[in-house]
Amino acid sequence: MMMNGDAGHDQAEEADSKQDGNADADPAEDANEQEVIVIQDTGFTVKIQAPGTEPFDLQVSPQEMVQEIHQVLMDREDTCHRTCFSLQLDGNVLDNFAELKSIEGLQEGSLLKVVEEPYTVREARIHVRHIRDLLKSLDPSDAYNGVDCNSLSFLSVFTDGDLGDTGKRKKKGNELEQIDCTPPEHILPGSKERPLVPLQPQNKDWKPMQCLKVLTMSGWNPPPGNRKMHGDLMYLYIVTVEDRHVSITASTRGFYLNQSTTYVFNPKPANPSFLSHSLVELLSQISAAFKKNFTALQKKRVQRHPFERIATPFQVYSWTAPQIDHAMDCVRAEDAYTSRLGYEEHIPGQTRDWNEELQTTRELSRKNLPERLLRERAIFKVHSDFAAAAMRGAMAVIDGNVMAINPGEETRMQMFIWNNIFFSLGFDVRDHYRELGGDAAAHAAPTNDLNGVRAYSAVDVEGLYTLGTVVVDYRGYRVTAQSIIPGILEREQEQSVIYGSIDFGKTVVSHPKYLELLEKTSRPLKVQRHAVLNEKDTAVELCSSVECKGIIGNDGRHYILDLLRTFPPDLNYLPVEGEELAPESQKLGFPRQHRHRLACLRQELIEAFVEHRYLLFMKMAALQLMQQKANKDKTAALHDTSTADAESESKPQALEASEKLLVNWMHFNILCNIFTDPKSREVVLNACKAVGSISNTSFDIRFNPDIFSPGVRFSDDSTEDIQKQKQLLKDAAAFLVSCQVPSFVKDCLDHSSLPMDGATMTEGLHQRGINMRYLGTVLEFVDNMPAKAQLEHIYVRKGLFYILKMEFISNFTKTVIKTMHLICLGVELSALSAAVSHFLNCLLSSFLDAVAHLPADELVSRRKNRKRRNRVPGGGDNTAWASLTPSELWKNITSEAQSYYHFNLESVDQAVEKYGLQKITLLREISIKTGIQILIKEYNFDSRHKPAFTEEDILNIFPVVKHVNPKASDAFHFFQSGQAKVQQGFLKEGCELISEALNLFNNVYGAMHVEICACLRLLARLNYIMGDHPEALSNQQKAVLMSERVLGIEHPNTIQEYMHLALYCFANGQLSTALKLLYRARYLMLVVCGEDHPEMALLDSNIGLVLHGVMEYDLSLRFLENALAINSKYHGPRSLKVALSHHLVARVYESKAEFRSALQHEKEGYTIYKNQVGEAHEKTKESSEYLKYLTQQAVALQRTMNEIYKNGSNASIMPLKFTAPSMASVLEQLNIINGYAAYNGSYKLFQLKTKYCLYTNTSLIY
């Protein structure tokens, strides 16, 4: 009878364990471990024989496909120029898509021969594309331009190459005088300078190494019929570095010189023709410069770390870039007009059927681990391809490159199909959302729908299908891209929909198969099965919101779409006549009017609320059972008491592990009693009613998403149930503001959550289930906190207020930018950079007279009044943006802040002055949120004589893309189990599990992914703790490179990765590199959040300690004293962190022989230890001993000085003990401040001694 409740709680626990990481390993895990071992312990070596090279060994895995060996050969320095070849074993050609384990006769030591194959047009194109990629392999322009999943990485600039290769030959610190320790002026504590140029330092490897002047398709393409029959496939035109102009024929046999010129077509072979199977071999024969430079280029390419070269799964854009020369590129030109607009290169001659690919991958078998890995890899690959195609299509739609399927309609109502993807704009078409908020609702609906798709995809019910969905914000427009249901375009919507409603509940239909499928999702998604009335007043059963539509495609699959109301409404932002919210909500001014009526609660909040109610349920039931057992005569009276007691617990703090154990024990007792004692069943019934369970025999909370939906009617006999559901929604809304908001603020005050920028702030709020529209409420809560409660938290509140305020401004500025784009939707591309620069001037520049300068027409037309075609979607005055003034903009922003966030805001200059906001930080936030890319140079925001930005400073506008992130479930399970083992102190076992998780992540995601980054980070940490410093360095280097590539070069996680890599470099004796990395981390943190942040104390402590180790005492003091000041500010002057900072400063003063200052700081530290942990504590004793030592040294020094004053040069001076710090002692202090505590030989003692640990559960799992 309790099984429902048990399942519901298990899910909540599973969600919780994702945060806690402390779930114990279970039997299923052991089975998985065996499967993983079977998969991974059978690798073998084969020999590869390529033409013109010596045979070489290659380590392969039985699970690899032959195609993967092809990729390895196309990446190797000596075989990279070959693309059109087959692999043969004993004369038999191997199938590219065959797994190696399925190839008969392939074993350890087998010889695979690389055999050149005849070219086709497709193979010739692929070959030219590959050669172009090799020529551009060191060119960062694709990364700056956000093309082909290239992204930036600058780690090698600070490590002088690959740490793994060079670590052994670097200096071990014995030549300290050769290390340049002086940081740039802008990195020193207290500097107000925030330069932008150092964000992207120049990499010497990126200097152009020209191999060819021009490589392009010839104008003589395609070959005429008579030449096709001679084997001509295509013609190339090339200009060598020596300025030799040549025409080349790509034929079935290879490449050769022909006799054509620019104006004369003569395709016959030249004499000599230099026929070569590879274009590189041909060019090497005709150009000595090409041969020399191409060889040097490939040597540099292979010397780069692989993680610098591998494509990321999703495109990462840079918000800054230098001015790059635009070079001639035939492949880029071809991409722009052919392959990217109609077909994908690897499926020749046809577009991809995205829907079929997306659904077929989900239908793959998942009975065992190898099958699940294959399925998840296929799902992830197809999804990342779909997201990339959807993004390109959305940009093409907005740029006017796609014809609408309804061209006769108004532009804002047009829809598009491109590459088998359906695109629609975020406008209220045909007043569909008129009652829900019009365009505002139409803008919010796609993200709600995407959240619904994400939720149903995660539940992954067999037989239920969702559409591939991507939401793209580009140039102020919102575009929704969806895969197309087979047959949906051939019939009317009314005929297609067999479940749900097409008119928000006026007409409703249902279907037994859909009810059966959706019933399986109802428990994990907490959706209640319910009945609504249709237009005939007949009750219709649903297991979702009425807006959810069920359509059976021509392929026979059951699809659900329009999932915008998957989660219940947020009553705090949905005023309903005649309904009153809970007192907790009313006290904060709720309900508030919102711009649309689609405000929903987040899934994280639903899960937290159900977990909270489950605890309440268990407490009530257990208390009543205990009372019944103690005194059976007073059951009724005690029932009232227990209910009141339970209600008083309606705002519990975060559950501790011990409390959860108690709940589980109570759960067991209830299960034991419920089957034998009728009174126990009554207890459960009472508890179920009290917490709002839909079942009377078990805990089972679900929500009816149609409550308060306009147009939805319920039958009279369900009135009682509807009232219960209404109360449940009110309780959930109250729970958000009375429990989750205070919990988030408490996390910040306790430093268990330290958001550094807008992205990490948003992530922290969302993890608590708090929507961004509550940002004003959070700010208000922080601002109104009683200062007398904890005086040392006053500064913390100010710091938190600063971070919140920065995110607040950047968030609603994004909304204002949307509003600005809506005003000038018709702005022509020729004026776009001027419009954006004018907006940024109005927002950030101190120049009072920010008058827009309309760009001069570069092509003055004689027919000025001609009608312009191909207008972008929308309309309006092209120059409306030019009339915007700074005061008008800030008036709009403050109005927006008040209406959307219900919070008052000052102007930007007042905000900068009052809260210490940095304009450079604000510029970064706005650029990232809106996709703007600006020229990297120094901007003078404070000049009152000229504007900060010109139109030439706006380089590009990129799309901001939202999509589903498919997960590697088995790998994630191993990762969590490894975390649990580590937290229990079993480091070796945890390390093995994390290594297995890494292998599985690589199997599913490929080499680059944010979860692989987390895995590498934890592995490096474990390697370091267990004493394997070189391996820690290698893994952490990979983590830094991956974080730069997949998150961004200045993402807060990247900053933390830099800090830990610096520690591992120091432990490996690479002191100079460690300092460079720490300086880089400090610069990035200054740009991202400024100096006034709690994390800066840790960073400055690290820098100060390393400088102390290399005997740069004055510099060390600057950083350590700044760390002391920040720690005192954010943790209070009596904090243990402050005591440790005092000790570190004292050590430096001791090394300088300034014993009076050293004594003063150590006394401060001793006093804190004595008051906080007592005289008997180890730390207090250590401080006391050090005080005695300092006192002795001070006395000895004073005696010496007195002797000198008294006897002059005849004084007999005793030698003083000046202790230069040992590397071991510095490393010990570094370990303490970074959370690496001592451990014993059995690896079972693993305790974090400080809260400085950067590897909290939330940062381990993105």
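See the structure shown above.
This section reports on the structure supplied with the text. (Residues numbered from 1 in each chain as written. Predicted model: local features only at pLDDT ≥ 70, side-chain atom pairs only at ≥ 80, totals over all residues. Heavy atoms only, no water.)

Re the overall build of the protein chain
Then, number 1: Helix and strand counts for the protein chain come out as 43 helices and 23 strands.
Then, number 2: Looking at the protein chain alone, contacts between residues at least 24 apart form 72% of all its contacts between residues at least 6 apart.
Then, number 3: Counting only carbon and sulfur atoms, one obtains 52% of the accessible surface of the protein chain, whose full area is about 55,100 Å². (Helix = DSSP H or I, 4+ residues; strand = E, 2+ residues; numbered from the N terminus. Contact = heavy atoms within 4.5 Å. Areas by Shrake-Rupley, 256 points an atom, 1.4 Å probe, with all protein chains shown as cover.)

As for empty space enclosed by the protein
Then, number 1: Tallied over the entire structure, the rule returns eleven cavities of 30 Å³ or more.
Then, number 2: Considering only enclosed or pocket space, the largest cavity measures out at about 170 Å³ in volume.
Then, number 3: Along its surface, the largest cavity is lined by 14 residues, and Leu-358, Arg-362, His-383, Ser-457 and Gly-468 are the ones closest to its centre.
Then, number 4: Secondary structure elements with two or more residues in the lining of the largest cavity: α13 (354–362), α14 (369–398) and α15 (439–459).
Then, number 5: Considering every element that reaches the lining of the largest cavity, the biggest residue donor is α13, with four residues.
Then, number 6: Among the residues making up the lining of the largest cavity, the classes are represented as six nonpolar, seven polar and one charged. (1 Å grid on protein atoms, 1.4 Å probe; cavity = no way out; pocket = protein on both sides within 12 Å on 5 of 7 lines; lining within 4 Å. Points joined across faces, edges and corners; volume = space filled by probe spheres on them. Nonpolar A, V, L, I, M, F, W, Y, C, P; charged D, E, K, R; others polar.)

Overview of the packing of aromatic side chains
Then, number 1: Here the structure, examined in full by the defined rule, presents 31 aromatic pairs.
Then, number 2: Three or more aromatic residues joined by ring pairs make a cluster, and in this case those are Phe-314, Phe-380, Phe-975, Phe-1001 and Tyr-1005.
Then, number 3: We note Arg-76 situated over the ring of Phe-56; from NZ or CZ to the ring centre the distance is 3.6 Å.
Then, number 4: If you follow Arg-1021 out to its NZ or CZ, it ends over the ring of Tyr-1236, 4.4 Å from the centre. (Phe/Tyr/Trp six-rings, centres within 6.5 Å; stacked < 30°, edge-to-face > 60°. Lys NZ or Arg CZ within 6 Å of the ring centre and 35° of its normal.)

Observations concerning the sheet that holds strand β7 (residues 232–240)
Then, number 1: Reading across the sheet, the four strands line up as β6-β7-β8-β9 and stay open at both edges, with antiparallel pairing between neighbours. The sheet is open, and its two edges are formed by β6 (212–217) and β9 (254–257), each paired on a single side. On average, each strand axis in the sheet is inclined to that of its neighbour by 25 degrees, with strand direction left out of account.
Then, number 2: Of the pairings in the sheet, the one linking β7 to strand β8 (residues 245–251) comprises seven bridges and is antiparallel in character. Bridge pairing in β8 links Ile-238 to Val-246. (Pairing = 2+ DSSP bridges. Axes fitted to C-alpha atoms, helices over the stretch in contact; angles between N-to-C directions.)

Some details on the sheet that holds strand β1 (residues 44–49)
Then, number 1: Strand order in the open sheet formed by five strands is β2-β1-β5-β3-β4, with mixed pairing between adjacent strands. Each of the sheet's edge strands pairs with one partner strand only, and the pair in question is β2 (56–60) and β4 (92–93).
Then, number 2: Here strand β3 (residues 85–89) pairs with strand β5 (residues 111–116) via five bridges, running antiparallel. Bridged to Leu-89 within β5 is Leu-112.

With respect to a nonpolar patch on the surface
Then, number 1: A cluster of nonpolar side chains, Met-1201, Ile-1204 and Tyr-1205, forms an exposed patch at the surface whose accessible area comes to about 310 Å².
Then, number 2: If you trace the backbone, Tyr-1205 turns up in helix α41 (residues 1178–1207). (Patch = residues over 30% accessible without salt bridge, like charges linked within 9 Å, V, L, I, M, F, W, Y side chains within 5 Å. Salt bridge = Lys/Arg side-chain N within 4 Å of Asp/Glu carboxyl O.)

Concerning the side chain of Thr-1054
Then, number 1: Looking at the secondary structure, you find Thr-1054 in helix α35 (residues 1052–1067).
Then, number 2: With a relative accessible area of 0%, Thr-1054 lands in the buried category.
Then, number 3: A polar atom in the side chain of Thr-1054 sits 2.8 Å from the backbone oxygen of Gly-1048.
Then, number 4: In this structure, Thr-1054 is in contact with Ser-1043, Glu-1044, Gly-1048 and Ile-1049, ignoring residues within four places of it in sequence. (Buried < 20%, exposed > 50% of the residue type's maximum accessible area, 1.4 Å probe, protein only. Polar contact = N/O pair within 3.5 Å; in protein donor to acceptor, adjacent residues only side chain to side chain.)

What about the pattern of salt bridges?
Then, number 1: Going through the model one piece at a time under the given rule, you end up with 59 salt bridges.
Then, number 2: A salt bridge links Arg-768 to Asp-747; its shortest N-O distance comes to 2.7 Å. Pair noted here: Arg-768 is in the loop between α24 (758–767) and α25 (775–783) and Asp-747 is in helix α23 (residues 719–749), with a separation of 21 residues, a long-range link.
Then, number 3: By relative accessible area, which is 18% here, Arg-768 ends up buried.
Then, number 4: The partner of Arg-1134 in a salt bridge is Glu-1164, with the nearest N and O atoms 3.8 Å apart. Taken together, the residues span a long stretch of sequence, with Arg-1134 in the loop between α38 (1113–1131) and α39 (1136–1151) and Glu-1164 in helix α40 (residues 1155–1173) at a distance of 30 residues.
Then, number 5: When its relative accessible area of 38% is taken as the criterion, Arg-1134 is described as partly exposed.
Then, number 6: For Glu-1164, a relative accessible area of 34% corresponds to the partly exposed category.
Then, number 7: The network of salt bridges with shared partners includes Glu-519, Arg-529, Glu-541, Asp-700 and Arg-702.

Some details on α23
Then, number 1: The first and last C-alpha atoms of α23 sit 44 Å apart over 31 residues, in line with the 45 Å expected at 1.5 Å per residue.
Then, number 2: By the criterion of burial, α23 is predominantly enclosed, with 23 of the 31 residues buried.
Then, number 3: Taken from the residues just after α23, His-751 is the one with a positive phi, measuring 65 degrees. (Expected span 1.5 Å × (residues − 1).)

Some points on the nonpolar core
Then, number 1: Formed by 175 residues in total, the largest nonpolar core has its most connected members in Phe-423, Leu-923, Phe-1001 and Leu-1107.
Then, number 2: Here the element with the most residues in this core is helix α36 (residues 1071–1088); it accounts for 13 residues.
Then, number 3: Not counting residues up to four positions away in its chain, the partners in contact with Leu-923 are Trp-319, Leu-840, Leu-844, Ile-934, Phe-941 and Phe-949.
Then, number 4: One finds Leu-571, Val-684, Val-741 and Met-772 within the second-largest nonpolar core, a separate group that totals 79 residues. (Core = buried A, V, L, I, M, F, W, Y, C linked by side-chain atoms within 4.5 Å.)

Examining α35
Then, number 1: Here α35 contains 16 residues, and its C-alpha end-to-end distance of 23 Å stays within 8% of the 22 Å for a straight helix at 1.5 Å per residue.
Then, number 2: Of all 16 residues making up α35, 15 are buried, and the element is well covered by its neighbours.
Then, number 3: Once α35 ends, the next one or two residues include Gly-1069, with phi positive near 85 degrees.

A word on unusual backbone geometry
A negative phi angle is the norm for most residues apart from glycine, just as the trans form is the norm for most peptide bonds.
Then, number 1: Of the consecutive residues Asn-271 and Pro-272, the connecting peptide bond is found in the cis state with omega at 0 degrees.
Then, number 2: Omega for the peptide link from Phe-590 to Pro-591 comes to 0 degrees, which places this bond in the cis form.
Then, number 3: Position of Pro-591 relative to the elements: it lies in the loop between α18 (583–587) and α19 (603–630).
Then, number 4: The phi angle at Asp-460 is positive, at roughly 60 degrees, despite the residue not being glycine.
Then, number 5: By secondary structure assignment, the location of Asp-460 is in the loop between α15 and β13 (464–466).
Then, number 6: For Asp-460, a relative accessible area of 19% puts it in the buried group.

Examining the pairing of strand β12 (residues 421–425)
Then, number 1: Of all five residues making up β12, five are buried, and the element is well covered by its neighbours.
Then, number 2: Burial along β12 is two-sided: Ile-421, Phe-423 and Leu-425 and Phe-422 and Ser-424, pointing in opposite directions, are all buried.
Then, number 3: Where strand β11 (residues 415–418) and β12 come together, four bridges link them in antiparallel fashion. Bridging from a neighbouring strand, Phe-416 pairs with Phe-423 of β12.
Then, number 4: Hairpin connection, β11 to β12: the antiparallel pair is bridged by two residues, and Asn-419 has positive phi, about 55 degrees.
Then, number 5: In the sheet, β12 pairs with strand β15 (residues 477–483) via five bridges, with the strands oriented antiparallel. Bridge pairing in β15 links Ile-421 to Ser-483.

Comments concerning the packing of α38 against α39
Then, number 1: Look at α38 against α39: their axes get within 9 Å of each other, and the N-to-C directions meet at 165 degrees. Classified by the interaxial angle, the pair formed by α38 and α39 is roughly antiparallel. Relative to α39, α38 is oriented so that their crossing is left-handed. Each of Tyr-1113, Ser-1116, Leu-1117, Leu-1120, Glu-1121, Ala-1123, Leu-1124, Asn-1127, Ser-1128 and His-1131 in α38 lies in contact with α39, whose residues at this interface are Lys-1137, Val-1138, Ser-1141, His-1142, Leu-1144, Val-1145, Val-1148, Tyr-1149 and Ser-1151.
Then, number 2: Classifying every residue of the contact of α38 with α39 gives ten nonpolar, seven polar and two charged. (Parallel < 35°, antiparallel > 145°, perpendicular 65-115°, else oblique. Left-handed = near helix turned anticlockwise from the far one by under 90°.)

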